[in-house]
Amino acid sequence: IAFTYSPGVCAVPQSFQFQIPSRYFLTCLTDSELEYITYTELMRLFDQSQQLERLFRRITEFVLAGMIDRHIELHSMSIEERFKTFCQRSPHLLNLVPHKYIASYLGINPTNFSKLFNSVKF
């Protein structure tokens, strides 16, 4: 669904916000150190700081905009355009993440991904 990396925030938003079990899970593909906060602790901090609550809202807006962009990419771009866009946005992941995960993220068959990776100039 997504790749996050330092100093980014990773979460399963609907599960956290609505306090329901998630249909998804997070997987670390590299050595990672994680910090966490419970929902109750976060709500307590929001009650104490309007600035923090506003910051979190802005982060949420940024994530939502990214999700909309991703949805548009998946539904309006060719596989080559999706691949090139990914390479422009996150080229460092090509060496960090197994290509089968990138292919899945882009909605591309792993064989087609391999062909693109070996032929497309980016």
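Residues numbered from 1 in each chain as written. Predicted model: local features only at pLDDT ≥ 70, side-chain atom pairs only at ≥ 80, totals over all residues. Heavy atoms only, no water.

Visitor: Hey, could you go over a nonpolar patch on the surface for me, with residue numbers and the actual values?
Guide: Together, Leu 55, Ile 59, Phe 62, Val 63, Leu 64, Met 67, Ile 68 and Ile 72 make up an exposed nonpolar region whose accessible area comes to about 800 Å². Relative to the helices and strands, Phe 62 resides in helix 3 (residues 50–76). (Patch = residues over 30% accessible without salt bridge, like charges linked within 9 Å, V, L, I, M, F, W, Y side chains within 5 Å. Areas by Shrake-Rupley, 256 points an atom, 1.4 Å probe, with all protein chains shown as cover. Salt bridge = Lys/Arg side-chain N within 4 Å of Asp/Glu carboxyl O. Helix = DSSP H or I, 4+ residues; strand = E, 2+ residues; numbered from the N terminus.)

Visitor: Describe helix 6 (residues 99–106), listing the residues and the values that go with them.
Guide: Taken as a whole, helix 6 has its buried residues at Ile 102, Ala 103, Tyr 105 and Leu 106. For helix 6, the angular spread of buried residues about the axis comes to 160°, placing them on one side. The exposed residues of helix 6 that point more than 90 degrees off its buried face are Lys 100 and Ser 104. Buried-residue contacts for helix 6 involve helix 3, helix 4 (79–89), helix 5 (93–96) and helix 7 (110–119). At the C-terminal side of helix 6, Gly 107 shows a positive phi close to 70°. (Buried < 20%, exposed > 50% of the residue type's maximum accessible area, 1.4 Å probe, protein only. Arc of directions from axis to C-beta. Contact = heavy atoms within 4.5 Å.)

Visitor: Would you mind going over the pattern of salt bridges in detail, with residue names and values included?
Guide: Inspection of the entire model under this criterion finds four salt bridges. A salt bridge links Arg 58 to Glu 61; its shortest N-O distance comes to 3.6 Å. With Arg 58 and Glu 61 both in helix 3 and three residues apart, this pair spans about one turn of that helix. The residue Lys 84 makes a salt bridge to Glu 80 at a minimum N-O spacing of 3.2 Å. One end of the pair is Lys 84 and the other is Glu 80, both in helix 4 and four residues apart, which spans about a single turn. For Lys 84, a relative accessible area of 32% puts it in the partly exposed group.

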